Each structure stands twice: as structure tokens, then as C-alpha cells.
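Residue-level structure breakdown
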Amino acid sequence: MLWHINRQMVLLYLLVCFSACTSVSPTKIVSPKIISSVSGPNLRSLLSVNYVSTLGQRGQGAGDFLNPHGLALDFEELLYVADAGNHRIQIIDFSGNFISEIGHRGWQSGEFDNPMGLAVSFVRNSTLYIADTGNDRIQFCNLIDRAFQIITDSLVTFDQPYGIVVDRVGEVLVVDRGNHRFVKFSNSIEKLFERGSYGSGNDQFQNPTAIAIDKKGNIYIVDAGNRRLKKYDFSGNLIVIWSAHFQEPSHVALDQSDYVYITDRGSHSVKVVANQGVEGKNNQLILTFGQQQLVDPTGIAISRNGKIFVSDSGTSDIKVFQAIYTKQTTSN
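Residues numbered from 1 in each chain as written. Predicted model: local features only at pLDDT ≥ 70, side-chain atom pairs only at ≥ 80, totals over all residues. Heavy atoms only, no water.

1. A look at the pairing of strand S15 (residues 219–223)
The side chains of a regular strand alternate between both faces of the sheet. Just so we agree on the cut-off: Partly exposed describes any residue whose relative accessible area lies between the buried limit of under 20% and the exposed limit of over 50%, with all areas from a 1.4 Å probe on protein chains only and scaled to the type maximum. Counting from the N terminus, the helices are DSSP H or I runs at least four residues long and the strands are E runs at least two residues long. For two strands to be treated as a pair, DSSP must find at least two bridges joining them.
Burial runs high along S15: five of the five residues are buried. Going residue by residue along S15, you find Ile-219, Ile-221 and Asp-223 tucked away on one face and Tyr-220 and Val-222 tucked away on the opposite face as well. Here strand S14 (residues 210–213) folds back onto S15 in antiparallel fashion, the turn holding five residues, of which Gly-217 has a positive phi close to 90°. Across five bridges, the pairing between S15 and strand S16 (residues 228–232) is antiparallel. Across the sheet, the residue bridging to Ile-221 is Lys-230, located in S16. Between S15 and S16, which pair antiparallel and follow one another directly, the connecting turn spans four residues, one of which, Arg-227, has a positive phi of 55°.

Written as C-alpha cells, this is what we have:
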């Protein structure tokens, strides 16, 4: 019996070895299917955008605006407005109710001169960043104590900083309009890199006005003077240029499905373009909206449920729209 068992084990061992040594036909390599960022799994297709309401009016009181520009949203459904003409930041809720205001005209800490851009970050604490354009500086403060500081770096001198955004790890990116560039800082406010110079080449800008980032850290810059939008990766490498459709682009934002929205002052509207990784499809215009409501659209911010806020400098108010999508798609 023992001999019989050992014999079976030897035969099993030989069979395994033979199988391992037998040549196997190579598996066919199938190229991965490229899925666009707006039509892939778990993303929704944009169908239309509808006008909802108008928030605020021209004025200097609480909840009034004068030449509003940059917008930012926080997690509590509050809207932060760079109220440039009133030299302050206003905070309102999604219904337009006044919550608070920060700053007034001046050059001291916590004072502003035509602030054009702002960003809110919750990486370490609730921090507000302001592009204090007329004072050629970036200020930031903790929203609890509102003690302001100024971004200072011996390698960077700002000239009309216009737009600002903070990524998921707290790195700060600034559009430096007068110097025709954008600059990226670490979360400890040390310069990481800068891109751009004056001109119309691929790596150049003319009076850039705004900046946005997506979930992957890609960077979007409105190159206003050249009438185009440029996309970079998180390291500052140029990916693509949208060079059509715009007359006077101003600000940019992305929704949860990575559609790219650009306010266009020249056409009194907002343009939505495809944000795809397929060559030749990046210039695709998805839709245009707001021509009936907008006079001079500047800042734009989009909530997680597709509510779109557009600051209208021409009428000194905030127009609200709602994006309509297809039902959520799922992967097979």
C-alpha cells in the first residue's frame, strides 16, 4: 500500500513538471479602451443648463455687490464672493442671504484693493486665500480668528495676481497676470515652480486671468489675451490647448463629471467644452448658456449637485443656473 501511494505521488509530481514546461500559446494583448473623462464609468453626460435665479444687486450694503469677480464654495453650501468694487469678500448662502463680510479698502493686513480671486481650503483648517490684485499680493487667513498673513517668497514678486486655487494637499497656485505666468507653492508657501512669460507661444501667456484644478491635480489656466484655455499636469507640463470658441474668456471651473466651464465676457455667456484625453476632441464645444441672462460674466463656481454660480460684473449680481445630466452610468 505504501509503495502504491508513493507511486501516485511521483506520477503527480511528473505531471505538474510536464505541465509547467509545456509551451503555452501567448495571450493576445488587447490595447486598453480609452474612456473620455465625460463619458466613462460612473460619470454623467451633460444635457442642458437652466437658469434658476439671481442673487444680490448693485450696491454697497450687506448682500449687495459692485463688480463681483472670483467665486468659491465651501462644504457647508456657502458662497464666497470677491466683491472687487467694494474691496471686500462677502459670504452668502445659496439663497443669497448675507452671512458675513471680510475686509475693506486699504493696504494694511486684512484690507484689500480690488480683490479679483479667492479660494477656500480645508486641508489643515478653514483657510481663505485672496488675490489682493490692486495691492499686488496674496493674503490668507484662518476663518476662525481671521488673522491675516501675506504670502512672501524672495523668489516671487507679484504683479496684479488675479486668480488663486488650492489643491487637495494644500499646495497653492496663483495666476500672476501682470507677469504673464502662474506660480505653484507648497503647503508651507515655498515656491515649487512657475510657468509662462509674455507672448503667444505654447508656453506663454497674455494677461492670464483665472485658474482651476481637477481631481487629478491637472491645472487649467485662462489665457485671456490669447483667447484660449490651457491645461497642464500637476508638475506643470502642458497637456492641451483649447484655442477655439472664446471671444474674451475670463474664469474657469469644472463640475463633478469634469466638464470645463469658461465664462466668456465677449459673448455674454458661459461655454462648456469637452475635457477628453482623445486627440482631436478637446476643442469640442458641448453647449453655450446664459446669453439671455448674463451681461458681463466673470467668476464661476459649481457645487457638487451641479448648481452653477456666475458673477455678473455688468449687473453686479450673481446668476444661478442648474446643470441637467443623464442618469448616473455604471461600469459593466
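2. As for the pattern of salt bridges
A side chain with one charge can pair with a side chain of the opposite charge if their charged atoms come near. Inclusion rule: Think of a salt bridge as a Lys or Arg side-chain nitrogen and an Asp or Glu carboxyl oxygen that are within 4 Å of each other.
Under the criterion given, the structure shown has 13 salt bridges. The residue Glu-194 makes a salt bridge to Lys-191 at a minimum N-O spacing of 2.5 Å. Under the relative-accessibility criterion, Lys-191 is labelled partly exposed at 26%. If you follow the salt bridges from partner to partner, you end up with Asp-176, Arg-181, Lys-191 and Glu-194 in one network.

3. Here's the deal with the pairing of strand S12 (residues 181–185)
With respect to burial, S12 is a largely interior element, five of its five residues being buried. Neither face of S12 is exposed, since Arg-181, Val-183 and Phe-185 on one face and Phe-182 and Lys-184 on the opposite face are all buried. Here strand S11 (residues 172–176) pairs with S12 via five bridges, running antiparallel. Each residue of the ladder has a partner; that of Leu-173, found in S12, is Lys-184. In this structure, the hairpin formed by S11 and S12 is closed by a connection of four residues, where His-180 is found at a positive phi of approximately 55°. Sheet topology places S12 next to strand S13 (residues 191–195); four bridges connect them, and they run antiparallel. When the bridges of S13 are listed, Val-183 appears paired with Glu-194. Linking two consecutive strands that pair antiparallel, namely S12 and S13, is a turn of five residues; a positive phi of about 60° is found at Ile-189 within it.

4. Observations concerning the sheet that holds S15
Where we set the bar: Axis lines are fitted through C-alpha atoms, for helices just across the contact stretch, and the angle between N-to-C directions can take any value from 0 to 180 degrees.
Taking strand neighbours across the sheet as the criterion, the four strands line up as S14-S15-S16-S17 in an open arrangement whose pairing is antiparallel. Two strands in the sheet have a free side with no partner beyond their single neighbour: S14 and strand S17 (238–242). Direction aside, the axes of adjacent strands within the sheet are offset by 20° on average. Sheet topology note: the S16/S17 ladder contains four bridges and is antiparallel. Within S17, the position partnered with Lys-230 by the bridge is Ile-241.

5. Side note on the environment of Thr-288
For the record, the criterion: Working rule for contacts: check all heavy atoms of both residues, and any pair within 4.5 Å makes them a contact.
Its location among the elements puts Thr-288 in strand S21 (residues 285–289). Measuring from C-alpha to C-alpha, the distance between Thr-288 and Ser-48 comes to 9.1 Å, with 240 residues separating the pair along the chain. Leaving out residues up to four positions away in the same chain, Thr-288 has contacts with Ser-269, Val-270 and Lys-271.

6. Structural notes on the environment of Lys-230
Test applied: We call two N or O atoms a polar contact when they sit within 3.5 Å, provided that within protein one can donate a hydrogen and the other can accept it, with sequence-adjacent residues counted only if both atoms are side-chain atoms.
Its place among the elements puts Lys-230 in strand S16. C-alpha separation for the pair Lys-230 and Ile-241, spaced 11 residues apart in sequence, amounts to 4.5 Å. With sequence-adjacent residues up to four places away left out, Lys-230 is seen in contact with Gly-201, Asn-202, Asp-203, Gln-204, Phe-205, Ile-219, Tyr-220, Ile-221, Asp-223, Leu-238, Val-240 and Ile-241. Only 2.2 Å separates the side chain of Lys-230 from the backbone oxygen of Asn-202, close enough to count as a polar contact.

7. Notes on the side chain of Ser-303
Structurally, Ser-303 is set in the loop between strand S22 (297–302) and strand S23 (307–312). On the basis of relative accessibility, which here comes to 7%, the residue Ser-303 falls in the buried class. Among residues more than four places away in sequence, those in contact with Ser-303 are Leu-73 and Phe-94.

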